[in-house]
Amino acid sequence: MDLFSAIKNRRSVRLFQDKSVPLEDLKKIVDAGRLAPSGYNLQKREFIIITDKSILLRLNDIQPVFDAGAAIAVIVEKTKYAIEDASAAVENILLAATALGYGSCWIEGTLIPHEKWAKELLGIPKEKKLFALIPIGVPLTSGEQAPKKRLEEITYLNLYGVKLPQSTQTND
Ligand SMILES: Cc1cc2nc3c(=O)[nH]c(=O)nc-3n(C[C@H](O)[C@H](O)[C@H](O)COP(=O)(O)O)c2cc1C
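Residues numbered from 1 in each chain as written. Predicted model: local features only at pLDDT ≥ 70, side-chain atom pairs only at ≥ 80, totals over all residues. Heavy atoms only, no water.

## Digging into the environment of leucine 57
Here is the rule: Elements are defined by DSSP. Helices are runs of H or I of four residues or more, strands are runs of E of two residues or more, and each kind is numbered from the N terminus. Between buried and exposed lies partly exposed: a residue is buried under 20% and exposed over 50% of the maximum accessible area for its type, with that area taken using a 1.4 Å probe on protein chains only.
Within the secondary structure, leucine 57 is located in helix α3 (residues 53-59). Its relative accessible area of 53% is what places leucine 57 among the exposed residues. Each C-alpha atom, one on leucine 57 and one on leucine 157, is 49 Å from the other, the two residues being 100 residues apart in sequence.

## Observations concerning the nonpolar core
Condition: For our purposes a nonpolar core is just a set of buried Ala, Val, Leu, Ile, Met, Phe, Trp, Tyr and Cys residues, chained together by side-chain atoms within 4.5 Å.
Membership of the largest hydrophobic core comes to 21 residues, with the highest contact counts inside it found for Ile29, Ile72, Val74, Val90, Ile93, Ile134 and Ile136. Listing elements by their share of this core, those giving two or more residues are α2 (23-34), β2 (70-77), α4 (82-99) and β4 (128-137). Take this core: its biggest share by element is 7 residues, from α4. If you look at the next biggest cluster of nonpolar residues, it comprises 17 residues, including Ile62, Val65, Ala71 and Ala118.

## Section: the packing of α2 against α4
For clarity, the threshold we go by: Note on method: axes are straight lines fitted to C-alpha atoms, helices fitted across the in-contact stretch only, with angles between N-to-C directions ranging 0 to 180 degrees. Two helices crossing with the near one rotated counterclockwise from the far one by less than a right angle form a left-handed crossing, whereas a clockwise rotation gives a right-handed crossing. Any two residues having at least one pair of non-hydrogen atoms within 4.5 Å are treated as being in contact. Only Asp, Glu, Lys and Arg are considered charged, only Ala, Val, Leu, Ile, Met, Phe, Trp, Tyr, Cys and Pro nonpolar, and every remaining residue, Gly among them, polar.
At a minimum axis distance of 7 Å, the contact between α2 and α4 shows a crossing angle of 145°. Crossing hand, α2 versus α4: right-handed. Between α2, through Ile29, Ala32 and Gly33, and α4, the contact on the second element is made entirely by Ala89, Asn92, Ile93, Ala96 and Ala97. Across the contact of α2 with α4, the residue classes break down as 6 nonpolar, 2 polar and no charged.

## Quick notes on the site of the ligand
The following threshold applies: It suffices for a single heavy atom of a residue to lie within 4 Å of a molecule or strand for the residue to be listed as near it. Each polar contact in these results corresponds to two N or O atoms within 3.5 Å; when the atoms are within protein, one needs to be able to donate a hydrogen and the other to accept it, and residues that are neighboring in sequence are counted only if both atoms are side-chain atoms. In these tables, accessible area is a Shrake-Rupley quantity obtained with a 1.4 Å probe, and a residue counts as shielded only by the protein chains included in the view.
Taken together, 14 residues are adjacent to the ligand, and Arg10, Ser12, Arg14, Gln63 and Lys148 come closest. The side chain of arginine 10 places a nitrogen or oxygen atom 2.8 Å from an oxygen atom of the ligand. Between the ligand and tryptophan 106, the relevant distance is 2.9 Å, taken from a nitrogen atom to a main-chain nitrogen or oxygen of the residue. For the ligand, the protein covers 66% of the area, taking 620 Å² as the surface of the free molecule. In the shell around the ligand, the residues fall into 4 nonpolar, 5 polar and 5 charged.

## Points about the pairing of β4
For the record, the criterion: By the convention used here, strands pair only if DSSP detects at least 2 bridges between them.
When you tally the buried positions in β4, you get 9 out of 10 residues, the bulk of the element. Note that β2 and β4 share 8 bridges and pair antiparallel. Its bridge partner being in β4, valine 76 is matched across the sheet by lysine 129. As defined by bridge partners, strand β3 (residues 103-104) adjoins β4 across 2 bridges and the pair is classed as antiparallel. Residue pairing across strands places serine 104 opposite isoleucine 136, the latter belonging to β4.

## A word on the pattern of salt bridges
To keep things clear, this is the line we draw: Within this document, salt bridges are pairs made up of a side-chain nitrogen of Lys or Arg and a carboxyl oxygen of Asp or Glu, the two lying within 4 Å of each other.
Inspection of every chain in the model, using the stated rule, returns 7 salt bridges. Arginine 34 serves as the salt-bridge partner of aspartate 31, at 2.4 Å between the closest nitrogen and oxygen. Of the two residues, aspartate 31 and arginine 34 are both situated in helix α2; the distance of 3 residues between them amounts to about one turn of the helix. With a relative accessible area of 30%, aspartate 31 lands in the partly exposed category. The exposure class assigned to arginine 34 is partly exposed, which follows from its relative accessible area of 46%. Taking the shortest distance from any N to any O, the salt bridge between lysine 129 and glutamate 115 comes out at 3.3 Å. Here lysine 129 is found in strand β4, whereas its partner glutamate 115 is found in helix α5 (residues 115-122), with 14 residues between them in sequence. For lysine 129, a relative accessible area of 27% gives the class partly exposed.

Have a look at this one:
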(Lines give C-alpha, C1' and ligand atoms only; values in the text may rest on other atoms or scores of the structure.)
Protein backbone atom coordinates (compact mmCIF):
# COMPACT_ATOMS: atom_id res chain seq x y z
CA MET A 1 0.00 0.00 0.00
CA ASP A 2 1.43 3.41 -0.87
CA LEU A 3 1.77 6.17 1.71
CA PHE A 4 -1.26 8.19 0.65
CA SER A 5 -3.49 5.10 0.64
CA ALA A 6 -2.26 4.25 4.14
CA ILE A 7 -3.02 7.79 5.31
CA LYS A 8 -6.54 7.55 3.87
CA ASN A 9 -7.24 3.98 5.02
CA ARG A 10 -5.96 4.42 8.57
CA ARG A 11 -8.80 4.49 11.05
CA SER A 12 -9.26 3.87 14.72
CA VAL A 13 -10.16 0.21 15.12
CA ARG A 14 -11.41 -0.82 18.55
CA LEU A 15 -12.84 -4.30 17.85
CA PHE A 16 -10.64 -7.13 16.61
CA GLN A 17 -10.82 -10.75 15.48
CA ASP A 18 -9.22 -13.30 17.78
CA LYS A 19 -6.18 -13.71 15.51
CA SER A 20 -2.52 -13.39 16.36
CA VAL A 21 -0.13 -11.08 14.52
CA PRO A 22 3.24 -12.51 13.39
CA LEU A 23 6.19 -11.09 15.33
CA GLU A 24 7.92 -10.22 12.05
CA ASP A 25 5.03 -7.90 11.14
CA LEU A 26 5.08 -6.34 14.60
CA LYS A 27 8.81 -5.69 14.29
CA LYS A 28 8.23 -3.99 10.93
CA ILE A 29 5.54 -1.83 12.48
CA VAL A 30 7.70 -0.82 15.44
CA ASP A 31 10.58 -0.12 13.10
CA ALA A 32 8.44 2.56 11.47
CA GLY A 33 8.17 4.14 14.92
CA ARG A 34 11.92 3.89 15.43
CA LEU A 35 12.50 5.79 12.17
CA ALA A 36 10.27 8.73 13.08
CA PRO A 37 11.86 12.14 13.55
CA SER A 38 12.71 13.38 17.05
CA GLY A 39 13.87 16.69 18.49
CA TYR A 40 17.68 16.97 18.15
CA ASN A 41 17.47 13.35 16.95
CA LEU A 42 17.65 12.32 20.61
CA GLN A 43 15.40 9.28 19.98
CA LYS A 44 14.57 8.88 23.65
CA ARG A 45 11.83 6.42 22.76
CA GLU A 46 11.40 2.76 23.52
CA PHE A 47 8.75 0.25 22.57
CA ILE A 48 7.29 -2.93 24.01
CA ILE A 49 5.69 -5.43 21.66
CA ILE A 50 2.99 -7.16 23.68
CA THR A 51 1.75 -10.52 22.43
CA ASP A 52 1.11 -12.24 25.77
CA LYS A 53 -2.67 -12.79 26.01
CA SER A 54 -2.72 -12.52 29.78
CA ILE A 55 -1.13 -9.05 29.61
CA LEU A 56 -3.42 -7.97 26.77
CA LEU A 57 -6.47 -9.07 28.77
CA ARG A 58 -5.36 -6.99 31.74
CA LEU A 59 -4.88 -3.94 29.51
CA ASN A 60 -8.60 -4.20 28.73
CA ASP A 61 -9.12 -2.63 32.18
CA ILE A 62 -7.84 0.62 30.64
CA GLN A 63 -10.16 0.39 27.64
CA PRO A 64 -11.62 -2.78 26.12
CA VAL A 65 -9.67 -2.61 22.86
CA PHE A 66 -6.99 -5.18 23.63
CA ASP A 67 -8.72 -8.29 22.30
CA ALA A 68 -6.37 -7.59 19.41
CA GLY A 69 -3.60 -10.04 18.57
CA ALA A 70 -0.99 -7.66 19.93
CA ALA A 71 -0.27 -4.20 21.25
CA ILE A 72 2.63 -1.80 21.18
CA ALA A 73 3.55 0.37 24.14
CA VAL A 74 5.33 3.63 23.32
CA ILE A 75 7.61 4.84 26.12
CA VAL A 76 9.51 8.12 26.26
CA GLU A 77 12.01 9.80 28.49
CA LYS A 78 10.68 13.05 29.88
CA THR A 79 12.74 15.34 27.60
CA LYS A 80 11.78 18.74 26.12
CA TYR A 81 10.13 17.25 23.03
CA ALA A 82 8.87 14.02 24.56
CA ILE A 83 5.27 14.51 23.41
CA GLU A 84 6.25 15.42 19.87
CA ASP A 85 8.81 12.60 19.62
CA ALA A 86 6.34 10.04 20.91
CA SER A 87 3.52 11.35 18.71
CA ALA A 88 5.66 11.12 15.57
CA ALA A 89 6.47 7.51 16.44
CA VAL A 90 2.82 6.67 17.14
CA GLU A 91 1.63 8.06 13.80
CA ASN A 92 4.32 6.14 11.91
CA ILE A 93 3.23 2.99 13.76
CA LEU A 94 -0.44 3.53 12.89
CA LEU A 95 0.40 4.06 9.22
CA ALA A 96 2.72 1.05 9.06
CA ALA A 97 0.06 -1.15 10.69
CA THR A 98 -2.48 0.09 8.11
CA ALA A 99 -0.06 -0.53 5.25
CA LEU A 100 0.31 -4.14 6.39
CA GLY A 101 -3.48 -4.55 6.55
CA TYR A 102 -3.94 -4.38 10.33
CA GLY A 103 -6.25 -2.27 12.43
CA SER A 104 -4.90 -0.10 15.22
CA CYS A 105 -5.88 2.71 17.56
CA TRP A 106 -4.00 5.48 19.41
CA ILE A 107 -4.85 4.82 23.06
CA GLU A 108 -3.67 7.72 25.16
CA GLY A 109 -6.66 9.50 26.67
CA THR A 110 -7.95 6.50 28.59
CA LEU A 111 -4.40 5.47 29.51
CA ILE A 112 -3.58 8.70 31.37
CA PRO A 113 -5.46 7.88 34.61
CA HIS A 114 -4.04 4.32 34.55
CA GLU A 115 -0.46 5.14 33.58
CA LYS A 116 1.11 4.20 36.94
CA TRP A 117 -0.76 0.88 37.03
CA ALA A 118 0.08 0.06 33.40
CA LYS A 119 3.77 0.93 33.91
CA GLU A 120 3.93 -1.50 36.82
CA LEU A 121 2.18 -4.18 34.77
CA LEU A 122 4.69 -3.75 31.94
CA GLY A 123 7.75 -3.30 34.19
CA ILE A 124 8.48 0.21 32.89
CA PRO A 125 10.92 2.23 35.06
CA LYS A 126 9.27 4.92 37.20
CA GLU A 127 11.16 7.84 35.61
CA LYS A 128 9.92 7.05 32.09
CA LYS A 129 6.55 7.91 30.59
CA LEU A 130 4.20 5.37 29.11
CA PHE A 131 2.88 7.63 26.37
CA ALA A 132 0.49 5.43 24.41
CA LEU A 133 -0.71 1.91 23.88
CA ILE A 134 -1.61 0.77 20.38
CA PRO A 135 -3.64 -2.40 19.84
CA ILE A 136 -2.68 -4.10 16.57
CA GLY A 137 -4.82 -6.79 15.01
CA VAL A 138 -7.24 -7.94 12.36
CA PRO A 139 -10.30 -5.67 12.43
CA LEU A 140 -13.60 -7.33 13.35
CA THR A 141 -15.53 -5.31 10.78
CA SER A 142 -14.73 -3.05 7.87
CA GLY A 143 -15.15 0.67 8.36
CA GLU A 144 -13.95 4.12 7.54
CA GLN A 145 -11.84 6.76 9.16
CA ALA A 146 -13.85 9.27 11.21
CA PRO A 147 -14.93 12.22 9.03
CA LYS A 148 -12.39 14.97 8.62
CA LYS A 149 -12.75 18.67 7.85
CA ARG A 150 -12.48 19.62 4.20
CA LEU A 151 -9.06 20.77 2.97
CA GLU A 152 -10.25 24.20 1.83
CA GLU A 153 -11.91 24.81 5.19
CA ILE A 154 -8.56 24.72 7.01
CA THR A 155 -5.92 25.56 4.39
CA TYR A 156 -4.94 28.96 3.01
CA LEU A 157 -2.59 30.13 0.31
CA ASN A 158 0.26 32.38 1.46
CA LEU A 159 -1.81 34.42 3.94
CA TYR A 160 -4.25 33.33 6.62
CA GLY A 161 -7.80 33.50 5.29
CA VAL A 162 -6.90 33.40 1.57
CA LYS A 163 -8.75 30.50 0.05
CA LEU A 164 -7.04 27.96 -2.21
CA PRO A 165 -7.88 28.17 -5.92
CA GLN A 166 -10.41 25.50 -6.91
CA SER A 167 -7.90 23.49 -8.98
CA THR A 168 -5.65 22.67 -6.00
CA GLN A 169 -8.42 21.32 -3.82
CA THR A 170 -8.03 17.61 -3.27
CA ASN A 171 -10.96 16.42 -1.23
CA ASP A 172 -12.43 13.03 -2.00
C1 LIG B 1 -3.79 12.20 21.31
C2 LIG B 1 -4.83 11.15 20.99
C3 LIG B 1 -5.37 10.40 22.03
C4 LIG B 1 -6.32 9.41 21.75
N5 LIG B 1 -6.76 8.63 22.77
C6 LIG B 1 -7.69 7.69 22.50
C7 LIG B 1 -8.16 6.85 23.54
O8 LIG B 1 -7.72 6.92 24.68
N9 LIG B 1 -9.10 5.92 23.23
C10 LIG B 1 -9.61 5.79 21.96
O11 LIG B 1 -10.46 4.94 21.75
N12 LIG B 1 -9.16 6.55 20.96
C13 LIG B 1 -8.23 7.49 21.20
N14 LIG B 1 -7.75 8.26 20.18
C15 LIG B 1 -8.26 8.06 18.81
C16 LIG B 1 -9.21 9.18 18.36
O17 LIG B 1 -10.43 9.04 19.08
C18 LIG B 1 -9.43 9.06 16.85
O19 LIG B 1 -8.20 9.24 16.20
C20 LIG B 1 -10.41 10.12 16.35
O21 LIG B 1 -11.70 9.88 16.85
C22 LIG B 1 -10.49 10.16 14.82
O23 LIG B 1 -10.82 8.88 14.31
P24 LIG B 1 -9.87 8.17 13.25
O25 LIG B 1 -8.67 7.71 13.99
O26 LIG B 1 -10.68 7.02 12.72
O27 LIG B 1 -9.51 9.16 12.20
C28 LIG B 1 -6.77 9.22 20.42
C29 LIG B 1 -6.20 9.96 19.39
C30 LIG B 1 -5.23 10.90 19.66
C31 LIG B 1 -4.59 11.65 18.51
